[in-house]
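Summary of structural features
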Amino acid sequence: MSLLPRWNELGFFEIRLESIGGLGANLAGKMLAEAGVMGAELNGVSFSSYGSEKKGSPVKAHIRFCDLDTRIRDTSPVERPHVIGIFHENLSRTVNVISGMYEDSIVLVNSRKTPEELKEKLKLKSGTIAVVDATGIALEENNRVNMAMLGGLFRLCGFLDPEFMKGVVRKSLEKKYPGAVQPALNTFQRGYDEVSFQTFALPEGEEMPGFVRMDTPVLGYETQPIGGLITNPGNSILKDLSISRAGRLPHFADDKCIHCAACDNVCPDYCFVWEEQPDKKGRPQMFLQGIDYQYCKGCLKCVQACPTAALTGELEEEGYADGTRVPHRFNLAIS
């Protein structure tokens, strides 16, 4: 009798992890596969796909499980996942993170929002939304987001044994990093315990969106701008680095700032907005106005460079970046 709750026409139960570089989705996928193969005695495979390998850039991890009598001859990306793990909720701004999901797929999101709020944000019609504050747990336990997300994924995949996973964590860390074993176990257990989920039925008379392969180009001969210009990729005005933030961002205190520009010297993405104003003696001087959080990826180099503690690294709260953002004054920008 199969341990798997359901499978596709090829006999696979498939999981896709949507993340950014640095949050550990690749390792999480490998650990999931090991728990299925070694712990649950299933056939399984795990692999990842990513672009430039830059920290903060989108990453996908793909995991397939099947019974022992089914051979895995497919190593293409997971297009129709039964479970989706979203390691960073802001990925939905630029990536269709729920593409290819079934009517009854499970979507695990690292977020503090409610399932109802996430259903609206992800434009999800039906399925189960599970929520865990993986970033908050990881920061409190001094560990990584992937451990908390793994805990949540094990809770949702009942055929996987969480105790086996804890053994994998110990085996992986105790020789080189013995001090990291207990924080990792605590993070995993909290992720397992603190998941909340809600199931939404497909409204009567509606259908799930048609399946579109993830590698289908957005721009084609009918949809590209006149002249074939691609206006967004590489555009320094339209770029949005908010998906690269992993839980913290700088707060700016104007009353402590001496406008020394030490922060601007170390900022890799020109987040700081300046304006020329007269100083106390009437001489022109550049004064810092604030931070354009559209370009801030949360590296916090500015916090380390600030000599007066006018910049501090704080946990990112919902709406703070949008509410306090000081936008750059580009003459050619179109609002």
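Residues numbered from 1 in each chain as written. Predicted model: local features only at pLDDT ≥ 70, side-chain atom pairs only at ≥ 80, totals over all residues. Heavy atoms only, no water.

This brings us to the sheet that holds strand 6 (residues 127-132). Strand order in the open sheet made by the seven strands is 2-3-1-4-5-6-7, with mixed pairing throughout. Among the strands making up the open sheet, the edge pair consists of strand 2 (43-50) and strand 7 (196-200). With direction set aside, neighbouring strand axes in the sheet form an average angle of 15°. (Pairing = 2+ DSSP bridges. Helix = DSSP H or I, 4+ residues; strand = E, 2+ residues; numbered from the N terminus. Axes fitted to C-alpha atoms, helices over the stretch in contact; angles between N-to-C directions.)

This brings us to the environment of glutamate 120. Topologically, glutamate 120 is positioned in helix 2 (residues 115-122). When the C-alpha atoms of glutamate 120 and valine 59 are compared, they prove to be 23 Å apart, with 61 residues separating the residues in sequence.

As a further point, take the side chain of glutamate 18. Positionally, glutamate 18 belongs in strand 1 (residues 13-20). A polar contact is formed between the side chain of glutamate 18 and the side chain of lysine 60, at a distance of 2.7 Å. If near-sequence neighbours (up to four positions away) are discounted, glutamate 18 is found in contact with Val59, Lys60, Ile84, Gly85, Ile86, Phe87, His88, Leu91, Val95 and Val97. (Polar contact = N/O pair within 3.5 Å; in protein donor to acceptor, adjacent residues only side chain to side chain. Contact = heavy atoms within 4.5 Å.)

Side-chain pairs of opposite charge can arise where the charged atoms are in close proximity. Summed over all chains, the structure comprises 22 salt bridges. Among the salt bridges present, the one from lysine 113 reaches glutamate 318, with a minimum N-O distance of 2.8 Å. You can see lysine 113 sitting in the loop between strand 5 (106-110) and helix 2 and its partner glutamate 318 sitting in the loop between strand 11 (311-315) and helix 9 (320-324), a full 205 residues away along the chain. You can call glutamate 318 exposed: its relative accessible area is 63%. Look at the salt bridges and you will find they share partners, linking Glu89, Lys113, Lys121 and Glu318 into a network. (Salt bridge = Lys/Arg side-chain N within 4 Å of Asp/Glu carboxyl O. Buried < 20%, exposed > 50% of the residue type's maximum accessible area, 1.4 Å probe, protein only.)

This part takes up the layout of surface pockets. Estimates place the volume of the second largest pocket at around 610 Å³. Considering the residues around the second largest pocket, the lining is formed by 32 residues, among which Glu89, Asn90, Glu316, Glu317 and Glu318 are closest to the centre. Counting only elements with at least two residues in the lining of the second largest pocket, the list comes to helix 2, helix 3 (134-141) and helix 9. (1 Å grid on protein atoms, 1.4 Å probe; cavity = no way out; pocket = protein on both sides within 12 Å on 5 of 7 lines; lining within 4 Å. Points joined across faces, edges and corners; volume = space filled by probe spheres on them.)

With that settled, consider the nonpolar core. Generally speaking, soluble globular proteins have nonpolar side chains that are buried together. Grouped together as the largest cluster of nonpolar side chains are 61 residues, with contacts concentrated most on Ile15, Leu17, Phe65, Val107 and Leu150. Formed by 17 residues, the second largest nonpolar core is a distinct cluster that contains Trp274, Leu288, Tyr295 and Leu311. (Core = buried A, V, L, I, M, F, W, Y, C linked by side-chain atoms within 4.5 Å.)

Another point: the packing of helix 3 against helix 4 (residues 145-156). At their nearest, the axes of helix 3 and helix 4 sit 8 Å apart, and the two run at 125° to each other. Considered as vectors, helix 3 and helix 4 are oriented oblique to each other. Judged by the twist between their axes, the crossing of helix 3 over helix 4 is right-handed. When helix 3 is examined against helix 4, the residues Ala134, Thr135, Ile137 and Ala138 are found in contact with a partner set consisting of Val145, Ala148 and Met149. For the contact of helix 3 with helix 4, the class distribution of residues is six nonpolar, one polar and no charged. (Parallel < 35°, antiparallel > 145°, perpendicular 65-115°, else oblique. Left-handed = near helix turned anticlockwise from the far one by under 90°. Nonpolar A, V, L, I, M, F, W, Y, C, P; charged D, E, K, R; others polar.)

With that settled, the discussion passes to the confidence of the model for the protein chain. Averaged over all residues, the pLDDT of the protein chain equals 89, while 95% of them reach at least 70. For the protein chain, helix 5 (residues 162-173) is the element with the lowest average pLDDT, namely 89, and strand 4 (residues 83-86) is the one with the highest, namely 97. (pLDDT = per-residue confidence, 0-100.)

What follows covers the state of the cysteines. Throughout the structure, instances matching the rule amount to zero disulfides. Here cysteine 263 is not cross-linked by a disulfide; its sulfur's nearest cysteine counterpart is in cysteine 260, at 6.4 Å. Residue classification places cysteine 263 among the buried residues on the basis of a relative accessible area of 6%. No disulfide involves cysteine 296; its nearest neighbouring cysteine sulfur is the one of cysteine 271, lying 4.8 Å away. You can call cysteine 296 buried: its relative accessible area is 6%. (Disulfide = S-S within 2.5 Å.)

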